[in-house]
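Here is what each chain is made of, one letter per residue.
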Amino acid sequence: MKTAASGSHKGQERPAKRLSLTRCSPPLCTPRHSHLTYRRRLTLELLEDRRLLDGTPFLLKDVLAGLASSSPQFPVEVNGAVFFAADDGTHGMELWTSSGSAPTTAIVKDLLPGDGSSYPSSLTNVEGQLYFVAEDDEHGQELWRSDGTSLGTNLVADIAPGPESSAPDFLTVAGSLLYFVADDGVNGSGLWKSDGTA
């Protein structure tokens, strides 16, 4: 009998399916796919070391003491130091460097001695070497380089010989080379490149 047959299964429980579903994403989470298991192994990675600044800005050094401005310009990082042009009221606008403290903030070299200005500009980092444009009485406005010391700050080349200026501009780094526009006084304004040697 149907009643007997159906009654014979009473009291019997069907074993429940055990799912080891660790992470599920559609369509695997739908009922028709409930027999499928999707696992994703979670791993932990070390984060790089980071330090939070205190967030309070402060004056690094009063290069030109008092209310007057030293007019710092063109800051660029090279090997952990920052180079920039500034006027301290004594040397004119010259090349300076800083490693982040007042004692390490100092003039690199007075390219135009006295209160005259060499007007460093276009400061550019080329593989850990600073290149910039500056002017002195002997060479005019030409390309210079510096390692951050007075002895290591030198003219790369007097492209327009003598006191005339080649006026290097648009300094652009490509690999280990520096490209720029300059006028040698013979060929007009053209594209030049340098590896740091004359």
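Scroll up to find the structure.
Scoring rules and cut-offs
- In every chain, residue numbers begin from 1 and rise along the written sequence.
- Where totals are concerned, whole chains, interfaces and linings use all residues; where local detail is concerned, this predicted model gives features only for residues with pLDDT of at least 70, and gives and counts side-chain atom pairs only at 80 or more.
- With hydrogens and water excluded, all non-hydrogen atoms of the structure serve as input to the side-chain values.
- Each helix corresponds to a stretch of at least 4 residues labelled H or I by DSSP, and each strand to a stretch of at least 2 residues labelled E; elements are numbered beginning at the N terminus.
- For every residue, the accessible area obtained with a 1.4 Å probe (protein chains only) is divided by the maximum for its type, and the residue is called buried under 20%, exposed over 50%, and partly exposed between those limits.
- Any two residues having at least one pair of non-hydrogen atoms within 4.5 Å are treated as being in contact.
- In this scheme, strands are said to pair when DSSP sees at least two bridges between them.
- Here, axes are lines fitted to C-alpha atoms. For helices the fit covers the stretch in contact, and angles between N-to-C directions go from 0 to 180 degrees.
- Under the counting rule used here, the positive set is Lys and Arg, the negative set is Asp and Glu, and His together with the chain ends is not counted.
- Salt bridges are identified by distance alone: a Lys or Arg side-chain nitrogen within 4 Å of an Asp or Glu carboxyl oxygen.
- Two N or O atoms count as a polar contact when they lie within 3.5 Å, although within protein this holds only if one can serve as hydrogen donor and the other as acceptor, and sequence-adjacent residues are included solely when both atoms are side-chain atoms.
- By nonpolar core is meant a set of buried Ala, Val, Leu, Ile, Met, Phe, Trp, Tyr and Cys residues that side-chain atoms within 4.5 Å join together.

K.L.:
Before we move on, can you summarise the overall build of the protein chain with the specific residues and values?
P.N.:
Counting secondary structure elements, the protein chain contains 1 helix and 11 strands. Along the chain direction, N to C, the helices and strands of the protein chain fall in the order α-β-β-β-β-β-β-β-β-β-β-β. A buried classification covers 28% of the 198 residues belonging to the protein chain. Taking all contacts inside the protein chain whose residues are at least 6 apart in sequence as the whole, residues at least 24 apart take part in 34%.

K.L.:
Explain the sheet that holds strand β1 (residues 73-78) to me, using residue names and the numbers behind them.
P.N.:
Taken in spatial order, the 4 strands line up as β1-β2-β3-β4 in an open sheet, and their pairing is antiparallel. Pairing within the sheet leaves two strands with one partner each, and these edge strands are β1 and β4 (106-109). Each strand of the sheet is rotated relative to its neighbour by a mean of 35°, with strand direction disregarded. Bridge count for strand β2 (residues 81-87) against strand β3 (residues 93-98) is 6 bridges, and the pairing is antiparallel. Residue pairing for β3: Phe84 is matched across the bridge by Trp96.

K.L.:
Please provide a residue-by-residue account of the side chain of Asp88, values included.
P.N.:
With respect to the element layout, Asp88 can be found in the loop between β2 and β3. Although buried, Asp88 forms no salt bridge, and the nearest oppositely charged side chain, Lys61, lies 8.3 Å from it. A distance of 2.7 Å separates a polar atom in the side chain of Asp88 from a polar atom in the side chain of His91. Look past the residues within four positions of Asp88 in its chain and what remains in contact with it is Val63, Leu64 and Trp96.

K.L.:
Tell me about the sheet that holds strand β7 (residues 140-146), residues and numbers included.
P.N.:
Read from one edge to the other, the open sheet built from 4 strands follows the order β5-β6-β7-β8, with strand pairing classed as antiparallel. Each end of this open sheet is capped by a strand with a single partner; those strands are β5 (121-126) and β8 (153-157). Geometrically, the sheet is characterised by an average inter-axis angle of 35° between neighbouring strands, direction not taken into account. Bridge count between β5 and strand β6 (residues 129-136): 4 bridges; the pairing is antiparallel. Residue pairing across strands places Asn125 opposite Leu130, the latter belonging to β6.

K.L.:
I'd like to hear about unusual backbone geometry, residue by residue, with values.
P.N.:
Unlike most non-glycine residues, Phe74 shows phi in positive territory, near 55°. For Phe74, the location among the structural elements is in strand β1. The class for Phe74 is partly exposed, based on a relative accessible area of 38%. Despite not being glycine, Tyr119 has its phi angle at roughly 50°, a positive value.

K.L.:
Help me get a handle on the pairing of β6, residues and values and all.
P.N.:
Regular strands place side chains that alternate from one sheet face to the opposite one. The buried fraction of β6 is high, at 6 of 8 residues. Adjacent in sequence and paired antiparallel, β5 and β6 are bridged by 2 residues, among which Glu127 carries a positive phi angle near 50°. As paired elements, β6 and β7 share 7 bridges and run antiparallel to each other. If you follow Tyr131 over to β7, its bridge partner there is Arg145. Where β6 folds back onto β7 in an antiparallel hairpin, the turn is made up of 3 residues.

K.L.:
Residue-level account of the nonpolar core, with values.
P.N.:
Formed by Val76, Val78, Ala81, Phe83, Leu95, Val108, Leu111, Leu123, Leu130, Phe132, Ala134 and Trp144, the largest nonpolar core amounts to 12 residues. Residue assignment for this core shows that the elements contributing at least two residues are β1, β2 and β6. Here this core takes 3 residues from β6, the largest share from any one element.

K.L.:
Pulling in residues and values, what's your account of the environment of Trp96?
P.N.:
Here Trp96 lies in strand β3. Sequence spacing of Trp96 and Ala85 is 11 residues, and the spatial spacing of their C-alpha atoms is 5.7 Å. For Trp96, the side chain forms a polar contact with the main-chain oxygen of Ala86, separated by 3.5 Å.

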